[in-house]
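Observations on chain architecture
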Amino acid sequence: GAFLMGCVPNDRDCDSFERPQHQVTITRAFRLASTETTVAQFRRFVRATGYQTAAEREGRGRMADTAAPDWEWREGLYWQQPLHKGVDADSMWPAVQVDADDAFAFCVWDGARLPTEAEWEHAARGNLKNARYPWNGESLAHANGTPRANGADVQLYRTMPMWATARDYDDGFAALAPVASYAPNDLGLFDMSGNVYEWTADAFDSLAYSGPHPRVDPLVINASGTRIARGGTWGYPPEHLRVSFRAYFSASGFWTATLGFRCARDG
């Protein structure tokens, strides 16, 4: 189907490369995993194939410094111990500390692929038009309401007070949350906003929306070495939870505690 992709009207938090809003058509049916790939799922992949992630090969991962609003490389962090060395992840946490190549390898093993950026946003929006978030609302639910996403909230503020967090929002988790801890969007997809960024198949191009790029089944491939990630996360400013927000990182050689993925299948 066709949908409007990019910055919605009156959204003052948009970056320039989220504009202009434009119509995109997806011509092929696809299925998207209902949750982010979990630690348990990734463990089955590793046991079946003997695969080693980039983090394991280099012996390090990225995690936040509680004393400053910075991220740093730390020894021993990888998908099974993503936050603290020697402390295993919950099996239902999203698998993180994986780069785009690691995510691609898992999806291929699973008979799938990474979604395109357009497919991801189409699915995240569901049947809602011009919504800032994957639910029918223009803001996060407040602390006395029902939380809708795992974002940078008062729980995170208590441990990292120098970070940009929502001071009137409590989602129940300071860092990673088990997948499907919050209500899905209207297509039954969980955590399309928050928990972790999700790798997509597209390279980053700041002119992808404003330049002469395809508007039918778009996929940006270039030699920049960057890759788009979507969805916002527990550890970055709340405005990253908007459905149009576009993050981008090095496809190879970059992994962190706020970056995971989910797979897509054709048909």
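Quick look at the structure, then. (Residues numbered from 1 in each chain as written. Predicted model: local features only at pLDDT ≥ 70, side-chain atom pairs only at ≥ 80, totals over all residues. Heavy atoms only, no water.)

**Some thoughts on the sheet that holds strand β9 (residues 259–260)**
Put simply, the rule is: By the convention used here, strands pair only if DSSP detects at least 2 bridges between them. A run of H or I in DSSP becomes a helix once it reaches four residues, and a run of E becomes a strand once it reaches two; helices and strands are each numbered from the N terminus.
Sheet architecture is open: 4 strands sit in the order β8-β7-β6-β9, paired in mixed fashion. For this open sheet the edge positions go to β8 (247–250) and β9, each flanked by a neighbour on one side alone. Of the strand pairs in this sheet, strand β7 (residues 226–230) and β8 are connected by 4 bridges, and their pairing is antiparallel. Its bridge partner lying in β8, A229 is registered against A247.

**Focus on the pairing of β7**
Filter applied, for reference: Burial classes: relative accessible area under 20% of the type maximum marks a residue as buried, over 50% as exposed, and values in between as partly exposed (1.4 Å probe, protein chains only).
Within β7, 5 of the 5 residues are buried, leaving the element largely enclosed by the surrounding structure. Neither face of β7 is left uncovered, since the one carrying T226, I228 and R230 and the one carrying R227 and A229 both have all their residues buried. As paired elements, strand β6 (residues 197–199) and β7 share 2 bridges and run antiparallel to each other. Counted as the bridge partner of E198 is R230 from β7.

**Side note on the nonpolar core**
Soluble, globular proteins show a tendency: their nonpolar side chains are buried together. Condition: The nonpolar core is taken to be a set of buried Ala, Val, Leu, Ile, Met, Phe, Trp, Tyr and Cys residues, with the residues joined through side-chain atoms within 4.5 Å. Throughout, a contact is declared for two residues whenever any of their heavy atoms are within 4.5 Å.
Ranked by internal contacts, the top residues of the largest apolar core, which has 45 residues, are F42, M63, L83, W199, W234, F249 and F261. Broken down by secondary-structure element, the contributors of at least two residues to this core are α1 (39–49), α2 (54–58), β4 (60–64), α3 (100–109), β6 and β8. Here M63 is in contact with D70, W71, E72, R74, L77, L83, M160, W234 and A257, once residues within four sequence places are set aside. The next biggest cluster of nonpolar side chains, apart from the first, holds 18 residues, and it includes I26, W120, A123 and V243.

**Some words on empty space enclosed by the protein**
Note the cut-off: In this analysis, the protein atoms alone were mapped onto a 1 Å grid. Cavities are point sets where a 1.4 Å probe fits without being able to get out; pockets are open sets with protein on both sides within 12 Å along at least five of seven lines; lining residues have an atom within 4 Å of a point. Grid points are joined across faces, edges and corners, and a volume is the space filled by probe spheres set on the points. Under the scheme applied, nonpolar residues are Ala, Val, Leu, Ile, Met, Phe, Trp, Tyr, Cys and Pro; charged residues are Asp, Glu, Lys and Arg; polar residues are all the others, including Gly.
Inspection of the entire model under this criterion finds 2 cavities of 30 Å³ or more. Of the voids in this model, the largest cavity is the one considered here, and its volume is about 110 Å³. Listed by contribution, the elements that provide at least two residues to the lining of the largest cavity are β2 (22–25) and α4 (117–125). Residue composition of the lining of the largest cavity, by class: 8 nonpolar, 2 polar and 4 charged. Taken as a whole, the second largest cavity spans an internal volume of roughly 90 Å³. In terms of lining residues, the second largest cavity is bounded by P134, W135, R148, Y182, A183, P184, N185, L189, F190, D191, M192 and S193. Broken down by class, the residue content of the lining of the second largest cavity amounts to 8 nonpolar, 2 polar and 2 charged.

**A word on the pairing of β2**
Alternating residues of β2 divide into H22 and V24, all buried, and Q23 and T25, none buried. The sheet contact formed by strand β1 (residues 2–5) and β2 spans 4 bridges and is antiparallel. When the sheet's bridge partners are listed, A2 is paired in β2 with T25.

**Considering the packing of α1 against α3**
As a reminder, the rule being used: Note on geometry: axes are C-alpha line fits, over the in-contact stretch for helices, and angles between N-to-C directions span 0 to 180 degrees. If an angle is under 35 degrees, it is roughly parallel; if it is over 145, roughly antiparallel; if it lies from 65 to 115, roughly perpendicular; otherwise it is oblique.
At a minimum axis separation of 11 Å, α1 and α3 run at an interaxial angle of 80°. Taken together, α1 and α3 sit at an angle that is classed as roughly perpendicular. In this structure, α1 contributes Q41, F42, R44, F45, A48 and T49 to the contact, and α3 contributes D102, A105, F106 and W109. Grouping the amino acids of the contact of α1 with α3 by side-chain chemistry returns 6 nonpolar, 2 polar and 2 charged.

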